[in-house]
Amino acid sequence: MIAEIYKDKNIKFETNNFPKIVFDSFFIPILNNLPKSFQPGIKKTHKAADKIIETATSYNALEILYGHGKMYRSKNLLQAFFRWIWLTRNNAKAVRNRLMIVENELRKTVNNLIEKSENINLLSIASGSARAIVESFAQINVPESVDVSISFLDKSKEALEYSKKLAISLPNKFFTRWLEDTASNFPKYFHDENKPNIIEMVGLLDYFNDEKVQDIFKIIYDNMQTGGTFITANIVDNNERKFVTNVVGWKMIYREPEVIWELAKRAGFKEENIKIFFEPLKIHLVMIVKK
Ligand SMILES: C[S@@+](CC[C@H](N)C(=O)[O-])C[C@H]1O[C@@H](n2cnc3c(N)ncnc32)[C@H](O)[C@@H]1O
């Protein structure tokens, strides 16, 4: 089997209990059959839902999902109920599960490099809020002898500015830089001697067609250190897709693990170095591949 469910006893993933599964078996078909004209009504139920719909696909919407929408106060019990309804949709849970996997894999990769006394040269492509990077380093003890360089690359100035604020918690001794550019241009910021040994690119393949995925995989393969680690993710077909696409208006390109596997192989990655996992709700896959 190409992809298994990610397991780590230290991670408390969001899953569904029996009553939620029963509730969903009625509720999801209703959501999927709502007409697009329901969108304004959903926006009115809670500010968090309004903002997610307004900023769908951006770092902003993801930040609301990561934070369970709690940055927007519920003015009454009905609003609190609706916030709970929307922010516990399986897609919302799954994106938080994805974040936990990415952070765990980043920690494992960085700690491996530290054990080997190797410097860390990390590139985050489509870095958005940079939450995965910032939160994973918060739990890593980097010795003085190890140099850390982190490049955040995003085409959105607003996302870069937001992530700068979040990254204030990173140790001062880290070299950090923010690059406003499109994904495929990243090689121009790295010389042959300082190619990244970790590349994290999450929340981008969902908007790239196969040709663009193939191109960026090849550019990444060609421009990372041999032995380096590439961490990426893609949304997988799931039973809330119709609702997310038509009513929320968040359009994505859904892929099965076999497709991502094939695209990685074609880019040059060796089959035996490709690992693909589903988060527990099987709505997102995460690929960890070594060059
Ligand atoms: C859905 S967010 C993901 C953010 C972050 N990686 C995460 O997982 O939380 C997508 C980000 O990709 C950026 N983006 C979209 N297309 C891009 C491109 N071609 N090159 C660089 N960044 C891009 C957007 O500006 C946005 O910040």
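Residues numbered from 1 in each chain as written. Predicted model: local features only at pLDDT ≥ 70, side-chain atom pairs only at ≥ 80, totals over all residues. Heavy atoms only, no water.

## Focus: the packing of aromatic side chains
Then, in step 1: Scanning the model with the defined rule gives 14 aromatic pairs in all.
Then, in step 2: The interplanar angle of 20 degrees and the centroid separation of 6.2 Å between the aromatic rings of F82 and W86 together place this pair among those described as stacked. Pair noted here: F82 and W86 are both in helix 5 (residues 77-87), with a separation of four residues, about one helical turn.
Then, in step 3: You can call W86 buried: its relative accessible area is 13%.
Then, in step 4: For the ring pair Y221 and F269, a centre distance of 4.9 Å and an interplane angle of 85 degrees mean the geometry is edge-to-face. Placement of the pair is Y221 in helix 9 (residues 210-222) and F269 in the loop between helix 11 (257-267) and strand 7 (274-278), with a sequence separation of 48 residues.
Then, in step 5: F269 sits in the buried class, given a relative accessible area of 2%.
Then, in step 6: The lysine or arginine in question, R177, covers the ring of F190, its NZ or CZ lying 4.9 Å from the ring centre.
Then, in step 7: Just above the ring of Y221 sits the side chain of K291; from NZ or CZ to the centre is 4.8 Å. (Phe/Tyr/Trp six-rings, centres within 6.5 Å; stacked < 30°, edge-to-face > 60°. Helix = DSSP H or I, 4+ residues; strand = E, 2+ residues; numbered from the N terminus. Buried < 20%, exposed > 50% of the residue type's maximum accessible area, 1.4 Å probe, protein only. Lys NZ or Arg CZ within 6 Å of the ring centre and 35° of its normal.)

## Examining the domain arrangement of the protein chain
Often, the extent of an interface is quoted as the loss of accessible area upon association of its parts.
Then, in step 1: As far as domains go, the protein chain holds domain 1 (17-93) and domain 2 (98-290).
Then, in step 2: Computed over C-alpha atoms only, the centres of domain 1 and domain 2 are separated by 26 Å.
Then, in step 3: Domain 1 puts 26 residues into the contact, and the matching count from domain 2 is 23 residues.
Then, in step 4: Between domain 1 and domain 2 lies a buried interface of about 2,200 Å² when both sides are counted; carbon and sulfur atoms form 59% of it.
Then, in step 5: When residues of domain 1 are sorted by the area they lose upon contact with domain 2, N32, Y59 and N91 head the list and together hold 31% of the total.
Then, in step 6: At the junction of domain 1 with domain 2, the criterion picks out two salt bridges.
Then, in step 7: Summed over the shared surface of domain 1 and domain 2, the result is twelve residue pairs in polar contact (both at pLDDT 80 or more). (Domains from an automatic or database assignment. Contact = heavy atoms within 4.5 Å. Buried area = accessible area lost by both parts, 1.4 Å probe. Salt bridge = Lys/Arg side-chain N within 4 Å of Asp/Glu carboxyl O. Polar contact = N/O pair within 3.5 Å; in protein donor to acceptor, adjacent residues only side chain to side chain.)

## A few points about the pattern of salt bridges
Then, in step 1: Applying the stated criterion to the full structure yields 20 salt bridges.
Then, in step 2: Notably, a salt bridge pairs D50 with K43, separated by 3.8 Å at the nearest N-O pair.
Then, in step 3: Given a relative accessible area of 19%, D50 falls into the buried group.
Then, in step 4: One salt bridge in this structure joins R266 and E262, with 3.8 Å as the shortest N-O distance. Placement of both R266 and E262 in helix 11 is noted, with a separation of four residues, approximately one turn of the helix.
Then, in step 5: Note on E262: relative accessible area 31%, which makes it partly exposed.

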